[in-house]
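# Analysis of the macromolecular model
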Amino acid sequence: DDDRRRDDDRRPPQRRRPEDTSDTRSSLRSSLRSDTTRSDTRRSSEKIVVRHLLVKHAESRRPSSWREKRITLAKNGAREEVEAIRRTVQGAEAPMDELATIARTRSDCVSASKGGLLKPFKRGDLERDFEEAAFALRPGTLSQTVETKAGLHLIYRVE
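Quick look at the structure, then. (Residues numbered from 1 in each chain as written. Predicted model: local features only at pLDDT ≥ 70, side-chain atom pairs only at ≥ 80, totals over all residues. Heavy atoms only, no water.)

Let us look at the packing of aromatic side chains. Using the criterion set out here, one finds two aromatic pairs in the structure. With a centroid separation of 6.2 Å and 50° between ring planes, the pair formed by Phe 121 and Phe 130 is classed as tilted. Each member of the pair, Phe 121 together with Phe 130, is buried. The interplanar angle of 85° and the centroid separation of 5.9 Å between the aromatic rings of Phe 121 and Phe 135 together place this pair among those described as edge-to-face. In this pair, Phe 121 is assigned in strand β3 (residues 121-122) and Phe 135 in helix α5 (residues 128-136), connecting sequence segments 14 residues apart. (Phe/Tyr/Trp six-rings, centres within 6.5 Å; stacked < 30°, edge-to-face > 60°. Buried < 20%, exposed > 50% of the residue type's maximum accessible area, 1.4 Å probe, protein only. Helix = DSSP H or I, 4+ residues; strand = E, 2+ residues; numbered from the N terminus.)

So, in structure tokens, the structure goes:
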């Protein structure tokens, strides 16, 4: 989930018009802020950059994506798939590049067209579970499977 954009956008990410992203991102950010507290936003203005891959499942908040109109994958199946991708990424000579390559074709997030790259964000901008996992990573490291309402993620902290 590029937690900054609408999950229900069914167009392939490469067709997204640049002028669509700011309004969509700000409206989703507002809705995601309900998952955070005000103290989170005051803690730090540090911004980080991550790449991520999202695998949605039938129990996801919105079980649809640019890839599939209706996602029916069971949560356990999604978890197995994410774990297999994680092993592949970990074993790669260039893990960040490997995650980007896989994200372009497999991620259910519209950031797939950018290899899962998200714009810099600070605490309070995105869903709490995603943020906590991302901020806990050191640059150049890959997360375990991260579960959010959007689905299951792999996160690689770029900076």
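Additional details are given in the paragraphs that follow.
For strand β2 (residues 50-55), the tally of buried residues reaches six of six residues, placing the bulk of the element in the interior. Burial along β2 is two-sided: the residues Val 50, His 52 and Leu 54 and Arg 51, Leu 53 and Val 55 are all buried. Inspection of the sheet shows β2 paired to strand β5 (residues 151-157) by six bridges, in the antiparallel sense. Note on β5: the bridge partner recorded for His 52 is Ile 155. (Pairing = 2+ DSSP bridges.)

With that settled, consider the nonpolar core. With 13 residues, the main nonpolar core has Leu 53, Ile 85, Val 89, Leu 99, Leu 142 and Leu 154 as its most contacted residues. Secondary structure elements with two or more residues in this core: β2, α3 (75-91), α4 (95-106) and β5. With four residues, α3 is the largest single contributor of residues to this core. Those residues in contact with Leu 154, other than ones at most four positions away along the chain, are Arg 51, His 52, Leu 53, Val 82, Ile 85, Arg 86, Leu 99, Leu 142, Ser 143, Gln 144 and Thr 145. In terms of nonpolar packing, the next biggest core, distinct from the first, is built from 12 residues, Leu 118, Phe 130, Ala 133 and Ala 134 among them. (Core = buried A, V, L, I, M, F, W, Y, C linked by side-chain atoms within 4.5 Å. Contact = heavy atoms within 4.5 Å.)

If you check α4, its first and last C-alpha atoms are 16 Å apart, about what 12 residues at 1.5 Å a residue would give, namely 16 Å. Of all the positions in α4, only Leu 99, Ala 100, Ile 102, Ala 103 and Arg 106 are classed as buried. If you follow the buried residues of α4, they end up packed against β2, α3 and β5. (Expected span 1.5 Å × (residues − 1).)

On to the side chain of Arg 106, then. Here Arg 106 is to be found in helix α4. By relative accessible area, Arg 106 is classed as buried at 11%. At 3.2 Å, the side chain of Arg 106 forms a polar contact with the side chain of Asp 108. (Polar contact = N/O pair within 3.5 Å; in protein donor to acceptor, adjacent residues only side chain to side chain.)

What follows covers α3. Residues lying three or four places apart along an α-helix face the same way, a consequence of the helix completing one turn every 3.6 residues. The end-to-end C-alpha distance of α3, which contains 17 residues, comes to 24 Å, matching closely the 24 Å that a straight helix rising 1.5 Å per residue would cover. Ala 78, Val 82, Ile 85, Arg 86 and Val 89 are the residues of α3 that are buried. Projection of α3 onto a plane perpendicular to its axis shows the buried side chains occupying an angular sector of 105°, all on one side. Facing away from the buried side of α3 by over 90 degrees, the exposed positions are Asn 76, Glu 80, Arg 87 and Gly 91. In this structure, the buried side of α3 is in contact with β2, α4 and β5. (Arc of directions from axis to C-beta.)

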